[in-house]
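# Topology and contacts: notes
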Amino acid sequence: MVPQVMLSEQGPRVSRVVHGLWRLADWDRDTKGIVELIGACMGQGITTFDHADIYGGYTCESLFGAALAESGMERSAIQLVTKCGIKLVSERRPGHRVKSYDTSRSHIVASVDNSLRCLRTEYIDLLLIHRPNPLMDPREVDDAFGSLKESGKVRHFGVSNFLPAQFETLASKLHVPLVTNQIEYSVMNLTAHADGTIDQCQKLDIRPMAWSPLGGGRLFTEGSRQALRLRKTLGRIGREVGGASVEQVAIAWVLKHPVQFVPVLGTGNVKRIHSAVEALDIDLSAEQWFEIRRASTGQDIA
Ligand code: NAP
């Protein structure tokens, strides 16, 4: 069973493994099928669901919200994460001329109001600014966050894909804490080891959330030398630890880091969700972790 953890001292409490809905529109599930998916996650202890306004070209939140209403589930039993700040060119947003970022007070507040309607809920547990905006005015974000907090529409705030300097700059102008940074991290992508984001989370005692923890599926399909090396090494280490799959060892590698990443799973396949959850029971040795690191980079450490 997946345990609950705090993302930061100030909260929120989330499941140690989160389910992500980016690909929901591709899964060919009707409302009943999404209710079943939510139930399967909850049955494993995955109570936290990751969204963004733009997922599925602005459709995923509504698909999920309809299922949530249909399920009759207690709102307090789950945690909803969503994001804002990216504007897509879409027939659902005829006013958008170019893909752009918008972190103005008015856009953030309007985006949250729309997410609340789509998700059919009174509040968002955690709102993330999806990407750093070169035109960001931190005072506008502070204004928006302050008003959303006061109205009870959003309980906690964070960012995604922010470098440490961007995180620090925004945080310095806010009256609410940033409780996480959701970043790309997997055996396929070790950028966070070098760009300071993990160090910053350790310094601030916040858990990062890891998106695409299986490299968005490229770990299984890609013909690159990196992916070939990784499949071989993960398979061998899986046998060493008693018959774990490539996918389970890849998730265990993410979980091993002392910053205590919260991986955001992107599969719509219930068997694969079950299998990923079992990775919580795998305790890789430091040497196994470094062997996988070497398979990823193709090089020994210095
Ligand atoms: P992922 O778990 O790395 O990749 C999921 C993909 O891998 C799916 O297409 C899945 O296909 C495939 N897959 C999983 N296990 C497999 C296996 N054993 N064999 C073959 N294929 C397998 O995660 P992701 O979907 O890229 O991202 C996860 C979540 O992170 C998203 O839903 C979203 O919530 C979040 N995210 C956030 C950002 C951001 O900027 N903050 C960006 C991207 C994503 P099946 O469905 O067929 O299993």
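To start, this report covers the structure provided alongside it. (Residues numbered from 1 in each chain as written. Predicted model: local features only at pLDDT ≥ 70, side-chain atom pairs only at ≥ 80, totals over all residues. Heavy atoms only, no water.)

## Section: the sheet that holds strand S12 (residues 262-265)
What counts, and what does not: Strand pairing is defined by DSSP finding a minimum of two bridges between the two strands. Where helices and strands are cited, they refer to DSSP runs of H or I of at least four residues and of E of at least two residues respectively, numbered from the N terminus. Throughout, an axis means a line fitted to C-alpha atoms (over the contacting stretch in the case of helices), and angles, computed between N-to-C directions, take values from 0 to 180 degrees. Residue contacts are defined here by distance: any two heavy atoms, one from each residue, within 4.5 Å place the two residues in contact.
Sheet architecture is closed into a barrel: eight strands sit in the order S3-S4-S5-S8-S9-S10-S11-S12, paired in parallel fashion. When the angles between neighbouring strand axes are averaged without regard to direction, this sheet yields 30°. Where strand S8 (residues 124-129) lies against strand S9 (residues 154-160), five bridges are found, and the strand directions are parallel. Across the sheet, residue Ile-129 finds its bridge partner in S9, namely Val-159. Sheet contacts for helix H4 (residues 105-119): strand S5 (79-84), S8 and S9; angle to S8, the most-contacted strand, approximately 140°.

## Points about the environment of Asp-199
The condition that has to hold: Type-normalised accessible area, obtained with a 1.4 Å probe on protein chains alone, sets the label of each residue: buried when under 20%, exposed when over 50%, and partly exposed for intermediate values.
Position of Asp-199 among the secondary structure elements: in helix H8 (residues 197-204). Given a relative accessible area of 46%, Asp-199 falls into the partly exposed group. Distance from Asp-199 to Gln-260, taken between C-alpha atoms, is 12 Å for residues 61 residues apart in sequence.

## So, the pattern of salt bridges
Applicable threshold: Just to be clear on terms, a salt bridge is a Lys or Arg side-chain nitrogen sitting within 4 Å of an Asp or Glu carboxyl oxygen.
Going through the model one piece at a time under the given rule, you end up with twelve salt bridges. Here Asp-143 and Arg-105 are joined by a salt bridge, their closest N and O atoms 3.5 Å apart. With Asp-143 in helix H5 (residues 138-151) and Arg-105 in helix H4, this pair connects stretches of sequence that are 38 residues apart. We classify Asp-143 as partly exposed; its relative accessible area is 44%. A salt bridge links Arg-236 to Glu-240, with the nearest nitrogen and oxygen atoms 3.0 Å apart. With Arg-236 and Glu-240 both in helix H10 (residues 225-240), this residue pair falls four residues apart, about one helical turn.

## Structural notes on the packing of helix H1 (residues 31-44) against helix H12 (residues 270-277)
This is how the line gets drawn: Angles are sorted into four bins: roughly parallel if under 35 degrees, roughly antiparallel if over 145, roughly perpendicular if 65 to 115, and oblique for all others. By convention, the crossing between two helices is left-handed when the near helix turns anticlockwise from the far helix through less than a right angle, and right-handed when the turn is clockwise. Residue polarity follows a fixed list, in which Ala, Val, Leu, Ile, Met, Phe, Trp, Tyr, Cys and Pro are nonpolar, Asp, Glu, Lys and Arg are charged, and the others, Gly among them, are polar.
Running from N to C, H1 and H12 point in directions that differ by 15°, and their axes come no closer than 10 Å. Classified by the angle between their axes, H1 and H12 sit roughly parallel to one another. Crossing geometry of H1 relative to H12 is assigned as right-handed. Packed against H1, whose contacting residues are Leu-37, Ala-40, Cys-41 and Gln-44, the element H12 presents Val-270, Ile-273, His-274 and Val-277 at the interface. The residue makeup of the contact of H1 with H12, split by class, is six nonpolar, two polar and no charged.

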